[in-house]
Amino acid sequence: KAGVTQTPRYLIKTRGQQVTLSCSPISGHRSVSWYQQTPGQGLQFLFEYFSETQRNKGNFPGRFSGRQFSNSRSEMNVSTLELGDSALYLCASSSHGSEYEQYFGPGTRLTVT
Amino acid sequence: TQLLEQSPQFLSIQEGENLTVYCNSSSVFSSLQWYRQEPGEGPVLLVTVVTGGEVKKLKRLTFQFGDARKDSSLHITAAQPGDTGLYLCAGIKTLGNTGKLIFGQGTTLQVKP
């Protein structure tokens, strides 16, 4: 089975722009979670999607949003980028009934200048 | 506020030495996980501990969940350079029929040959 894939792997944006990151889960996995990883705050939960519905949400501003498609692929969007949004964004997928056995992708490294 | 505190944050040891990483919280978790993350990759799940007092072994790695389900430890015997990486603990808090992972800040381990 192919693992979780994330595109792009690296991205450089300027303040005020918006960005969309993509995640393709492992085949058959319907739950997708997004995390932000920074040296200062560590790994923080953004949101979780299951069957195209947001099932859980972390404590991030409304500039961070996401969605899931019928094929379980997910995207996250960050609008009006700030310098502090520079981070590694990780996506993880899991199968129904094993939501906590999460398989992470390699992440998208976002740099905001 | 960091719900899960890991210690130490950094550890540099020689090959063959033993080490213990701690993960502590004032909150009770339904279960706790340990992950290892290598540069340029996402975290990989090592183990999930569910029962207070539970001990699990994975080759040279021993994981323990505290009796009160508030803390955990990871012990590595005879560390090898291949053990180098970022070790993350993650607590699971269930919310109805869903939940989320709360990660510690991580322990960076360097094993020198």
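You'll find the structure just up there.
For clarity, every value in this text was computed on a predicted model and none was experimentally measured.

(A) Structural detail: the interface of chain A and chain B. On the side of chain B, 20 residues touch chain A, which itself brings 20 residues to the contact. Summed over both partners, the interface of chain A with chain B buries about 1500 Å², with 52% contributed by carbon and sulfur atoms. Interface area lost by chain A to chain B is led by Leu 43, Tyr 100 and Phe 104 of chain A, which between them contribute 40%. Linking chain A with chain B are five residue pairs in polar contact (both at pLDDT 80 or more). Of all the elements in the fold, those that place two or more residues in the side of chain A that touches chain B are strand S4 (31-38), strand S5 (42-50), strand S6 (53-57) and strand S9 (87-94) of chain A. In terms of residues, the side of chain A that touches chain B owes the most to one element, S5 of chain A, which gives four residues. When grouped by side-chain class, the residues that make up the side of chain A that touches chain B number eight nonpolar, seven polar and five charged.

(B) Representation of the packing of aromatic side chains in the model. Residues and elements named next belong to chain A. Tallied over the entire structure, the rule returns eight aromatic pairs over all chains. Taking the centre distance of 5.7 Å and the plane angle of 65 degrees together, the rings of Tyr 35 and Phe 45 count as edge-to-face. Placement of the pair is Tyr 35 in strand S4 and Phe 45 in strand S5, with a sequence separation of 10 residues. Look at Tyr 35 and you get buried, because its relative accessible area is 0%. Measuring from ring centre to ring centre gives 5.2 Å for Phe 60 and Phe 64, while their planes differ by 65 degrees; the resulting arrangement is edge-to-face. Both residues of the pair, Phe 60 and Phe 64, belong to the buried class. Taking the ring centre of Phe 50 as reference, the NZ or CZ of Arg 55 above it sits at 4.5 Å.

(C) How the structure looks around the sheet that holds strand S7 (residues 64-68) of chain A. Residues and elements named next belong to chain A. Pairing is antiparallel across the open sheet formed by four strands, whose spatial order is S1-S3-S8-S7. Both outer strands of the open sheet, strand S1 (5-7) and S7, are each paired with one neighbouring strand and no more. Neighbour to neighbour, the strand axes of the sheet diverge by 20 degrees on average, direction disregarded. Here five bridges tie strand S3 (residues 19-24) to strand S8 (residues 74-78), and the two strands are oriented antiparallel to one another. Residue Leu 21 lies in a different strand from S8, and its bridge partner there is Met 76.

(D) Local environment of the state of the cysteines. All names here are of chain B. If you walk through the whole model with that rule in mind, you get two disulfides over all chains. Across a sulfur-sulfur distance of 2.0 Å, Cys 23 and Cys 89 are joined as a disulfide pair. Between Cys 23 and Cys 89, the S-S torsion sits near 75 degrees, and that sign places the bridge as right-handed. Separated by 66 residues along the polypeptide, Cys 23 in strand S3 (residues 19-24) and Cys 89 in strand S9 (residues 85-95) bring together distant segments of the chain. The exposure class assigned to Cys 23 is buried, which follows from its relative accessible area of 0%.

(E) Highlighting the pattern of salt bridges. The tally for this structure, following the rule as stated, stands at eight salt bridges over all chains. Between Glu 48 of chain A and Arg 55 of chain A there is a salt bridge; the shortest N-O distance is 2.7 Å. Judged by its relative accessible area of 4%, Glu 48 of chain A is buried. The partner of Arg 60 of chain B in a salt bridge is Asp 83 of chain B, and the shortest N-O contact between them spans 2.9 Å. Of this pair, Arg 60 of chain B sits in the loop between strand S6 (55-58) and strand S7 (61-65) while Asp 83 of chain B sits in the loop between strand S8 (71-76) and S9; the two residues are 23 residues apart in sequence, bridging distant segments of the chain. What emerges from the salt-bridge pattern is a single network uniting Arg 63, Glu 82 and Asp 85 of chain A.

Procedures and definitions
Residues numbered from 1 in each chain as written. Chains lettered and ligands numbered in written order. Predicted model: local features only at pLDDT ≥ 70, side-chain atom pairs only at ≥ 80, totals over all residues. Heavy atoms only, no water. Contact = heavy atoms within 4.5 Å. Buried area = accessible area lost by both parts, 1.4 Å probe. Polar contact = N/O pair within 3.5 Å; in protein donor to acceptor, adjacent residues only side chain to side chain. Helix = DSSP H or I, 4+ residues; strand = E, 2+ residues; numbered from the N terminus. Nonpolar A, V, L, I, M, F, W, Y, C, P; charged D, E, K, R; others polar. Phe/Tyr/Trp six-rings, centres within 6.5 Å; stacked < 30°, edge-to-face > 60°. Buried < 20%, exposed > 50% of the residue type's maximum accessible area, 1.4 Å probe, protein only. Lys NZ or Arg CZ within 6 Å of the ring centre and 35° of its normal. Pairing = 2+ DSSP bridges. Axes fitted to C-alpha atoms, helices over the stretch in contact; angles between N-to-C directions. Disulfide = S-S within 2.5 Å. Salt bridge = Lys/Arg side-chain N within 4 Å of Asp/Glu carboxyl O.

Geometric descriptors of this kind do not, in isolation, establish any biological role.
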